[in-house]
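# A closer look at the structure
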Amino acid sequence: MFGLKPRKPWNSAEPFEGLIAAQQAASPAMPMGALAEGIVAGTRIATEMGWRLIESIAPGDKIMTFDHGLREVVQVKRSALWTGSDSCPRHMMPLAVPPGALGNATAMLLLPEQNILVESDLAEAVFGDPFALIPAAALEGYRGIDRITPHQKVEIIILQFECDEVIYANGMGMIHCASVNGGQFAAMLEEGAEYAALPLDMARAIVASMIEEDARQP
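This report concerns the structure included in the present document. Note that the coordinates shown come from a computational prediction; the quantities given were computed from them, not determined experimentally.

With that out of the way, let us pick up the pattern of salt bridges. As enumerated under the stated definition, the model contains six salt bridges in all. A salt bridge links Glu-165 to Arg-71; the nearest nitrogen and oxygen atoms lie 4.0 Å apart. On the criterion of sequence distance, the pair formed by Glu-165 in strand β13 (residues 165–169) and Arg-71 in strand β5 (residues 69–72) is long-range, its members being 94 residues apart. Taking relative accessible area as the criterion, Arg-71 reaches 36% and is therefore assigned partly exposed. Where Glu-155 meets Arg-78, a salt bridge forms, and the shortest distance between an N and an O atom there is 3.6 Å. Note that Glu-155 is positioned in strand β12 (residues 155–160) and Arg-78 in strand β6 (residues 75–80), a separation of 77 residues in sequence. Residue Arg-78 is classed as buried on the basis of its relative accessible area of 9%.

What follows is the structure, encoded as structure tokens:
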């Protein structure tokens, strides 16, 4: 059901063709100019109907989640990564993720402030849970993940559910989506909140540990 069709290999001249170029009409619109979280158009996510492009999702569609099975999308927001007259600032540049780096079957783009669920021995040792929610910016340098300069408009889609959820992208990449009732900051303040992202310095320590884990593999 969730088999992904192969795309261009990572070493092709334009491995992200179709991701940055993917465009849809923005409705409802969000303030443009500086948004570094959300899901890049062209990303495929797991739904009750199989893998679908994120830009085709509408409120009411059911998405496969990490903890709660199928859940309905409550709201969809659209915007652009950067609409300024100058070049996109480096801290907002998307990260190119090679196939397999995060369990993803195909190459994908992540926005630096988008929270991602990763598995780590250090997270289990420190928090008693092998899974940690970290900002994608912390992944720079892990398994070939690096920033790229966007030369075209990058459309961003934000899915919101009744509660915070983690969804599957391009295979097994796990992306956090906030509740329609509040953002990540509100979730962190709520007692017993299911998802709370680590600050960037702690996230980088988790990723450094993941790099060491890879180095120990035979």
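Here the narrative resumes, following the displayed structure.
Moving on to a negative patch on the surface. The grouping of Glu-119, Asp-121, Glu-124 and Asp-129 at the surface amounts to a negative patch. Within the fold, Glu-119 resides in strand β9 (residues 115–119).

Here the focus is the packing of aromatic side chains. According to the stated counting rule, one finds two aromatic pairs in the structure shown. An angle of 70° between the planes, with centres 5.2 Å apart, marks the rings of Phe-66 and Phe-131 as edge-to-face. Placement of Phe-66 in the loop between β4 (62–65) and β5 and of Phe-131 in strand β10 (residues 131–135) is noted, with a sequence separation of 65 residues between them. When its relative accessible area of 26% is taken as the criterion, Phe-66 is described as partly exposed. The exposure class assigned to Phe-131 is partly exposed, which follows from its relative accessible area of 28%. With a centroid separation of 6.5 Å and 65° between ring planes, the pair formed by Phe-66 and Tyr-168 is classed as edge-to-face. In this pair, Phe-66 is assigned in the loop between β4 and β5 and Tyr-168 in strand β13, connecting sequence segments 102 residues apart. Judged by relative accessible area, which is 15%, Tyr-168 ranks as buried. Clustering of aromatic rings is evident, with ring pairs tying together Phe-66, Phe-131 and Tyr-168.

About the criteria used
Residues numbered from 1 in each chain as written. Predicted model: local features only at pLDDT ≥ 70, side-chain atom pairs only at ≥ 80, totals over all residues. Heavy atoms only, no water. Salt bridge = Lys/Arg side-chain N within 4 Å of Asp/Glu carboxyl O. Helix = DSSP H or I, 4+ residues; strand = E, 2+ residues; numbered from the N terminus. Buried < 20%, exposed > 50% of the residue type's maximum accessible area, 1.4 Å probe, protein only. Patch = residues over 30% accessible without salt bridge, like charges linked within 9 Å, V, L, I, M, F, W, Y side chains within 5 Å. Areas by Shrake-Rupley, 256 points an atom, 1.4 Å probe, with all protein chains shown as cover. Lys, Arg positive; Asp, Glu negative; His and termini not counted. Charge placed at Lys NZ, Arg CZ, Asp CG, Glu CD. Phe/Tyr/Trp six-rings, centres within 6.5 Å; stacked < 30°, edge-to-face > 60°.

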